[in-house]
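# Summary of the model geometry
Spelled out, the chains give:
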Amino acid sequence: MVDVLSTFVAIILSVVALTPIFLLVILLNRSKIPSGTDPAVIKRLEEMDNTIATDTNNALDQVSAKLEDFEARITDLEEKRTNVKGFKK
């Protein structure tokens, strides 16, 4: 029983000790890879992002205006609506 317990503790300690070391090695290896972010590319991406945001805002404004117009027309139709007379209840 003591051998099983000591083996289990050894496995847990090795995992606790080795995992941070492996993660550190992976992080150090990835940090050595040169980043391919060119300032011109970042500038172009920012411009495209601004264009997308502007176009989206314009489209949402148009949809909002159409919805307001639609609501106004529905309100006008509701005001003009009358009950049909001449039918017996």
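The text that follows walks through the structure, step by step, so that each part is easy to find.

Definitions and limits used
Residues numbered from 1 in each chain as written. Predicted model: local features only at pLDDT ≥ 70, side-chain atom pairs only at ≥ 80, totals over all residues. Heavy atoms only, no water. Helix = DSSP H or I, 4+ residues; strand = E, 2+ residues; numbered from the N terminus. Buried < 20%, exposed > 50% of the residue type's maximum accessible area, 1.4 Å probe, protein only. Areas by Shrake-Rupley, 256 points an atom, 1.4 Å probe, with all protein chains shown as cover. Salt bridge = Lys/Arg side-chain N within 4 Å of Asp/Glu carboxyl O. Expected span 1.5 Å × (residues − 1). Bend = angle between axes of the 7 residues up to and from the residue. Patch = residues over 30% accessible without salt bridge, like charges linked within 9 Å, V, L, I, M, F, W, Y side chains within 5 Å.

This next bit is on the overall build of the chain. Across its full length, the chain holds two helices and zero strands. Expressed as a percentage of its 89 residues, the buried residues of the chain come to 0%. Accessible area for the chain stands at about 8,900 Å²; split by element, carbon and sulfur atoms hold 65% of it.

A separate point is the pattern of salt bridges. For the coordinates displayed, the defined rule picks out one salt bridge. Between Arg-73 and Asp-69 there is a salt bridge; the shortest N-O distance is 3.3 Å. With Arg-73 and Asp-69 both in helix α2 (residues 39-80) and four residues apart, the pair spans about one turn of that helix. With a relative accessible area of 48%, Arg-73 lands in the partly exposed category.

Further remarks concern helix α1 (residues 2-31). It helps to recall that an α-helix has 3.6 residues per turn; residues three or four apart then point in one direction. Taking 1.5 Å per residue, 30 residues should reach 44 Å; α1 reaches 44 Å between its end C-alpha atoms and fits that length. The largest bend along α1 reaches roughly 25° and is located at Leu-18, with the proline Pro-20 sitting one to four residues downstream.

What follows covers a nonpolar patch on the surface. Where nonpolar side chains cluster on the molecular surface, the patch consists of Leu-18, Ile-21, Phe-22 and Val-25 and spans about 370 Å² of accessible area. Tracing the chain through its elements places Ile-21 in helix α1.

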